[in-house]
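# Descriptive analysis of the structure
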Amino acid sequence: MIQILLLKNDLVLISRIEEVGTELGEPDCKLIKPFEILFNRDGDPIYQSWPHFTDQKELMIHSDSILTIVEPNKFQLDKYQQLTAE
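The structure reproduced in this document is the subject of the present report. Counting of residues starts from 1 at the beginning of each chain's written sequence and follows it residue by residue. Only residues with pLDDT of 70 or above have their local features reported here, since the model is predicted, and side-chain atom pairs are shown and tallied only from 80 upward, although totals for entire chains, interfaces and linings are computed over all residues. Hydrogens and waters are ignored; side-chain quantities use all the structure's heavy atoms.

Secondary structure elements are defined from DSSP: runs of H or I of at least 4 residues count as helices, runs of E of at least 2 residues count as strands, and each element is numbered from the N terminus. Within the secondary structure, Q81 sits in helix α1 (residues 74-84). Taking the C-alpha atoms as reference points, Q81 and I2, 79 residues apart in sequence, are found 9.3 Å from one another.

Structural data, given as structure tokens:
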């Protein structure tokens, strides 16, 4: 499922997301091919692979780091699918 995540630290990500059952205290959300959504001076979106310091395509985070999750609109969904097409 592709979702847009607003993290508590104000980062906005678009990613495939899977909820993973883990032990209490362990990361419980798997992000697959996450991209950070930034905006240029004109307000146009810029997509950067996230996190920037690794080539890793799957990572785990704690769900309590997420402020909210929303469905991407068609533009965001199409762009993400273009970025992640293999």
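So that's the structure; there's more coming.
Pairing of aromatic side chains here covers Phe, Tyr and the six-membered ring of Trp, requires ring centres within 6.5 Å, and sorts the geometry by plane angle: under 30 degrees stacked, over 60 edge-to-face, intermediate tilted. All told, the structure shown has one aromatic pair when counted by the stated rule. Relative to Y80, the ring of F35 lies with its centre 6.1 Å away and its plane at 85°, an arrangement referred to as edge-to-face. Taken together, the residues F35 in strand β3 (residues 29-39) and Y80 in helix α1 connect sequence positions 45 residues apart. Of the two residues examined, F35 and Y80, each falls in the buried class. Residue burial is assigned from relative accessible area. The probe radius is 1.4 Å, only protein chains are included, and a residue is buried under 20% of its type maximum, exposed over 50%, and partly exposed in between.

L5, L7, L11, L13, I17, C29, L31, W50, L59, I61 and I66 together form the largest nonpolar core, which totals eleven residues. Of all the secondary-structure elements, those providing two or more residues to this core are β1 (2-7), β2 (12-19), β3 and β5 (58-61). The contact criterion used throughout is that any non-hydrogen atoms of two residues lie within 4.5 Å. When sequence neighbours within four positions are dropped, the list of residues in contact with I17 reads M1, Q3, L5, C29, K30, L31, I66 and I69. Put simply, a nonpolar core is a bunch of buried Ala, Val, Leu, Ile, Met, Phe, Trp, Tyr and Cys residues held in one set by side-chain atoms that sit within 4.5 Å of each other. Counting residues in each nonpolar core, the second largest holds seven residues, with I2, I4, Y47 and Y80 among its members.

Where burial is concerned, most of β1 is hidden: five out of the six residues are buried. At least two bridges found by DSSP between two strands are what make those strands a pair. Sheet analysis places β1 next to strand β6 (residues 66-70), joined by four bridges and oriented antiparallel. Within β6, the position partnered with L5 by the bridge is I69.

Moving on to the environment of D78. Position of D78 relative to the elements: it lies in helix α1. According to the relative accessible area criterion, D78 is partly exposed, its value standing at 28%. Here the side chain of D78 touches K74 through a polar contact of 2.7 Å, side chain to side chain. We define a polar contact as two N or O atoms separated by no more than 3.5 Å, with the added condition that, inside protein, one atom must be a possible hydrogen donor and the other a possible acceptor, whereas residues neighbouring each other in sequence contribute only through side-chain atom pairs.

When a carboxyl oxygen of Asp or Glu lies within 4 Å of a side-chain nitrogen of Lys or Arg, that pair is called a salt bridge. Across all of its chains, the model carries two salt bridges by this definition. Put simply, K30 and E58 hold a salt bridge, and the shortest N to O gap is 3.4 Å. Highlighted residues: K30 in strand β3 and E58 in strand β5, separated in sequence by 28 residues. K74 is the partner of D78 in a salt bridge, and the nearest nitrogen-oxygen pair spans 2.7 Å. Of the two residues, D78 and K74 both sit in helix α1, four residues apart, roughly one turn of that helix.

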